[in-house]
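Next come the chains, spelled out residue by residue.
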Amino acid sequence: FYFRNEPVAKKWISLGLLPMHARLLHMFENFNDLHHSVNMDNLFNSVNFTIAAPTCKTKVRTQGVLRKSNRGAPPCVYQEELSGKAAERARGCVKVSVLMEDPWVN
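Attention in this report is confined to the structure presented alongside it.

The rules behind each value
Residues numbered from 1 in each chain as written. Predicted model: local features only at pLDDT ≥ 70, side-chain atom pairs only at ≥ 80, totals over all residues. Heavy atoms only, no water. Helix = DSSP H or I, 4+ residues; strand = E, 2+ residues; numbered from the N terminus. Buried < 20%, exposed > 50% of the residue type's maximum accessible area, 1.4 Å probe, protein only. Contact = heavy atoms within 4.5 Å. Salt bridge = Lys/Arg side-chain N within 4 Å of Asp/Glu carboxyl O. Phe/Tyr/Trp six-rings, centres within 6.5 Å; stacked < 30°, edge-to-face > 60°. Core = buried A, V, L, I, M, F, W, Y, C linked by side-chain atoms within 4.5 Å. Polar contact = N/O pair within 3.5 Å; in protein donor to acceptor, adjacent residues only side chain to side chain.

On to the overall build of the protein, then. Looking only at helices and strands, one finds 4 helices and 2 strands in the protein. When the elements of the protein are put in sequence order from the N terminus, they spell out α-α-β-α-β-α. For the protein, the residues scored as buried account for 24% of the 106 residues in total. In the protein, of all internal contacts separated by at least 6 residues, the share reaching a separation of at least 24 is 47%.

If a residue is not glycine, its phi is most likely negative; likewise, a peptide bond is most likely trans. Despite not being glycine, His35 shows a phi value in the positive range, around 65 degrees. Looking at the secondary structure, you find His35 in the loop between α2 (19-29) and β1 (37-40). Residue classification places His35 among the exposed positions, given a relative accessible area of 56%. Even without being glycine, Lys59 reaches a positive phi, approximately 50 degrees. Inspection of the secondary structure puts Lys59 in the loop between α3 (47-52) and β2 (61-64). Under the relative-accessibility criterion, Lys59 is labelled partly exposed at 37%.

The next point concerns the pattern of salt bridges. The final tally for this structure, using the stated rule, is 2 salt bridges. The residue Lys11 makes a salt bridge to Glu29 at a minimum N-O spacing of 3.2 Å. Of this pair, Lys11 sits in helix α1 (residues 10-13) while Glu29 sits in helix α2, and the two are 18 residues apart along the sequence. For Glu29, a relative accessible area of 13% translates into the label buried. Arg91 is the partner of Glu88 in a salt bridge, and the nearest nitrogen-oxygen pair spans 2.9 Å.

On to the packing of aromatic side chains, then. Going through the model one piece at a time under the given rule, you end up with 2 aromatic pairs. Between the aromatic rings of Phe28 and Phe31, the centroid separation amounts to 5.6 Å while the plane-to-plane angle is 35 degrees, which identifies the pairing as tilted. Measuring from ring centre to ring centre gives 5.9 Å for Phe28 and Phe49, while their planes differ by 40 degrees; the resulting arrangement is tilted. Of this pair, Phe28 sits in helix α2 while Phe49 sits in helix α3, placing them 21 residues apart in sequence. Following the ring pairs from residue to residue traces out a cluster consisting of Phe28, Phe31 and Phe49.

Before going further, it helps to spend a moment on the nonpolar core. Ranked by size, the top nonpolar core spans 14 residues in total, and within it Trp12, Leu17, Leu25, Phe28 and Phe49 carry the most contacts. Within the residue set of this core, elements represented by two or more residues are α2, β1 and α3. The biggest single contributor to this core is α2, with 4 residues.

What follows concerns the side chain of Thr62. Secondary-structure assignment places Thr62 in strand β2. Among the polar contacts made by the side chain of Thr62, one reaches the side chain of Thr50 at a distance of 3.5 Å. Ignoring any residue separated from it by four or fewer positions in sequence, one finds Thr62 in contact with Phe28, Val38, Met40, Asn45, Phe49, Thr50 and Ala53.

What follows is the structure in structure tokens.
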């Protein structure tokens, strides 16, 4: 466990993750078993963090809403904001995208 005023593990910072995400990954690595599924609030979620979580030793999967700005999501995965009847028809629909040739995945 890292307090906010303590430095975090360099292995996650060197991969370009924020200190907040490095603290979470450190916590994930202290789980007693493998393959946890963690639901994330849009405040904590980012593309790099979501890709890095399964690479930690406990292989955690994360899911959740991602903000459009400053979280690393490419514009191709943005879902258009609709209004009126179009918004009602689209309720419950999710845009699915696959990132190809991503340096984290390959």
